[in-house]
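Architecture at a glance
Given next are the chains, with one letter for each unit.
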Amino acid sequence: MSQNKPKRNWIAIITMFFIFAMISFVTNMAAPFGNIWGFTYDWASTAGMLMNFIAYLFMGIPAGNMLIKYGYKKTALIALLVGAVGLGVQLLSGIVGGGVAICTIGGVVTCLNLFIYLLGALICGFCVCMLNTVVNPMLNLLGGGGNTGNQLIQAGGTLNSLSATATPFLAGWLVGTLTKDSFPDVAPLIITGICIFLAAFVIICFIRIEEPQGDISKVTYEYSPLAFRHCLLGVIAIFFYVGVEQAIPSMMNQWISRESFVGAATVAGSLAAIYWLLMLVGRFVSTFISGVVSTRTQMIVVSAVGICLIVAAICTGEVTTTLNINLGFIKIENAEVPLSCVFIFLTGICTSIMWGGIFNLSTEGLGKYTAKASGLFMTMVVGGGVMPFIQDLALRPVLGYLGSYWLIVAMLAYILYYSLIGCKNVNKDIPVY
């Protein structure tokens, strides 16, 4: 007699997919904005990204506690309102404060509008931290954990990558040739984001979302999730992974957008968009193969190949190639760019599954500790701001754009170690329910 499979809450799943897409929209606005601010304040090229991700450091654990106290739906609603406010503050930075000097950094007078923008980036960081805290554990739980849970995370990640692909492309298309006065050109994109957040808030208000673990506010915790070794090492892996994911296209975007040829910003945005498009492809493929190919196997393969691609990019040096790419909405015509860029954007296929893979491996067997673990993971997402900032501020001036990618190699090496050894659960004796 066959057993019936439990019915899935598709309304909740689709809602989480939609939220997944909004996360990358907000996050990927930081790179094109940083390029604009970097024209006037060189140190500010990755400062917006740093603020966006440093928010995770302060919001990760509180977001996990919100999940426990208020549940998934209320936490998501609060996050959407915070996101609308954050984008509004960023929009305000392009309108006011341009002539109000605040301080001098590196011999350059820094005006109020930059700090308004950085405040907006910080608020948006609070938003995406809360959204990430909601969407990852819920998809994993709705899928029943294991390979099936990973399938749902990768499916949501596909929409996340679609949004991530469109954002830098649209920003580059709106700007065209980058100048210090390009901020008003991307204002329509910010306004669109605000409207989407508010619309999502209204829609989710009328959607019933069942808490996958019941009333989690009544659950007691005898241990910390970090008592599980595979969770502790996974938290470190998430820190490095988000640094890898953001630093790879961000440095390439900054590098190419500062070239002297006409339309450099558009080409840079298109190259970054291809990276995010390949992440979409990788997650889409993983959605179908995760039922038969284990998460660990996928992680070992992509981290090893990612290392090879970045080393190839570094070793290629100053060799250039002419790119003609027409993918419909991504179009590059007769652009002479470093061959290294090809290897760099190809790593998108490798980084595509790492977020869901690490989360899935790290929370396997945690049971009731999953919600608390999610908050810890969100705290470590600060790596997406810290590591690109280190790459740009400390390594790029010394090693150059390509040399700075050795930092990426080191982080991918740790992820390979985690996939091979660190992900094994050696604390199976701890009660989880």
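Here's what I pulled together on the structure shown here. This is a predicted model, so every value here is computed, not measured. (Residues numbered from 1 in each chain as written. Predicted model: local features only at pLDDT ≥ 70, side-chain atom pairs only at ≥ 80, totals over all residues. Heavy atoms only, no water.)

Our next topic: the pattern of salt bridges. If you walk through the whole model with that rule in mind, you get two salt bridges. For the salt bridge of R396 with D392, the shortest nitrogen-to-oxygen distance reads 2.5 Å. Here R396 and its partner D392 are both found in helix α14 (residues 383-403), four residues apart, which amounts to about one turn of the helix. (Salt bridge = Lys/Arg side-chain N within 4 Å of Asp/Glu carboxyl O. Helix = DSSP H or I, 4+ residues; strand = E, 2+ residues; numbered from the N terminus.)

Turning to empty space enclosed by the protein, a few remarks are in order. Within the structure shown, the criterion is met by four cavities of 30 Å³ or more. As a volume, the largest cavity reaches approximately 180 Å³. For the largest cavity, the lining is made up of 17 residues, of which I23, N132, N160, E245 and Q246 are closest to its centre. Looking at the lining of the largest cavity, the elements with two or more residues in it are α1 (10-28), α3 (47-93), α7 (229-257) and α8 (264-289). Tallying contributions element by element places α1 first for the lining of the largest cavity, with five residues. Counted by class, the lining of the largest cavity contains nine nonpolar, six polar and two charged residues. (1 Å grid on protein atoms, 1.4 Å probe; cavity = no way out; pocket = protein on both sides within 12 Å on 5 of 7 lines; lining within 4 Å. Points joined across faces, edges and corners; volume = space filled by probe spheres on them. Nonpolar A, V, L, I, M, F, W, Y, C, P; charged D, E, K, R; others polar.)

Looking now at α3. The first and last C-alpha atoms of α3 sit only 15 Å apart over 47 residues, clearly below the 69 Å expected at 1.5 Å per residue. A maximum bend of about 115° is found in α3 at G71. (Expected span 1.5 Å × (residues − 1). Bend = angle between axes of the 7 residues up to and from the residue.)

A grouping of V281, F284, V285, F288, I289, V292 and I349 is seen on the molecular surface, where their side chains present a nonpolar patch of about 640 Å² in accessible area. Summarising the element assignment, F284 is placed in helix α8. Residue classification places F284 among the partly exposed residues on the basis of a relative accessible area of 45%. (Patch = residues over 30% accessible without salt bridge, like charges linked within 9 Å, V, L, I, M, F, W, Y side chains within 5 Å. Areas by Shrake-Rupley, 256 points an atom, 1.4 Å probe, with all protein chains shown as cover. Buried < 20%, exposed > 50% of the residue type's maximum accessible area, 1.4 Å probe, protein only.)

A few words on the packing of aromatic side chains. Taken as a whole, this structure holds nine aromatic pairs when the rule is applied. Here W255 and Y401 contribute two aromatic rings whose centre-to-centre distance is 5.8 Å and whose plane-to-plane angle is 10°, an arrangement assigned as stacked. Of the two residues, W255 sits in helix α7 while Y401 sits in helix α14, which places them 146 residues apart along the sequence. For the pair shown, W255 and Y401 are each scored as buried. Summarising the aromatic geometry, the rings of Y414 and Y417 are spaced 5.7 Å apart at their centres and angled 50° between planes, so their arrangement reads as tilted. Here Y414 pairs with Y417, and both are found in helix α15 (residues 406-422), just three residues apart, close to one helical turn. Through successive ring pairs, a cluster of aromatic residues spans F239, F240, Y414 and Y417. (Phe/Tyr/Trp six-rings, centres within 6.5 Å; stacked < 30°, edge-to-face > 60°.)

A separate point is unusual backbone geometry. Notably, N334 is not glycine yet its phi reads approximately 45°, a positive angle. Considering the arrangement of structural elements, one finds N334 in strand β4 (residues 331-338). For N334, a relative accessible area of 59% puts it in the exposed group.

Turning our eyes to something else, we now look at the nonpolar core. If you look at the biggest cluster of nonpolar residues, it comprises 132 residues, and the most contacted ones within it are L139, F197, L271, Y405 and I408. A per-element tally of this core places α3 first, with 17 residues. In this structure, L271 is in contact with M252, I256, L323, I332, C341 and F345, ignoring residues within four places of it in sequence. (Core = buried A, V, L, I, M, F, W, Y, C linked by side-chain atoms within 4.5 Å. Contact = heavy atoms within 4.5 Å.)

Our next topic: the packing of helix α9 (residues 295-316) against helix α12 (residues 354-363). The contact between α9 and α12 brings their axes to 10 Å, and the two run at 135°. Our classification of the angle between α9 and α12 gives oblique. Crossing of α9 against α12: the hand is left-handed. Between α9, through T295, R296, M299, V302 and S303, and α12, the contact on the second element is made entirely by M354, G357, I358, N360 and L361. Considered class by class, the residues forming the contact of α9 with α12 number five nonpolar, four polar and one charged. (Axes fitted to C-alpha atoms, helices over the stretch in contact; angles between N-to-C directions. Parallel < 35°, antiparallel > 145°, perpendicular 65-115°, else oblique. Left-handed = near helix turned anticlockwise from the far one by under 90°.)

Since the α-helix turns once every 3.6 residues, residues separated by three or four places project in the same direction. The end-to-end C-alpha distance of α9, which contains 22 residues, comes to 32 Å, matching closely the 32 Å that a straight helix rising 1.5 Å per residue would cover. Those residues of α9 not exposed but buried are T295, Q298, M299, V302, S303, G306, I307, L309, I310, A313, I314 and T316. Note on α9: the residue one or two positions beyond its end, G317, has a positive phi of about 65°.

For the pair α3 and helix α13 (residues 370-380), the least separation of the axes is 7 Å and the interaxial angle reads 165°. With respect to each other, α3 and α13 are oriented roughly antiparallel. The handedness of the crossing between α3 and α13 comes out as right-handed. Residues Y56, L57, G60, I61, G64, N65, L67 and I68 of α3 touch α13, and the partners they reach there are A371, K372, G375, L376, M378 and T379. Split by residue class, the contact of α3 with α13 holds eight nonpolar, five polar and one charged.

Counting across every chain of the model gives zero disulfides. No disulfide involves C124; its nearest neighbouring cysteine sulfur is the one of C127, lying 6.4 Å away. (Disulfide = S-S within 2.5 Å.)

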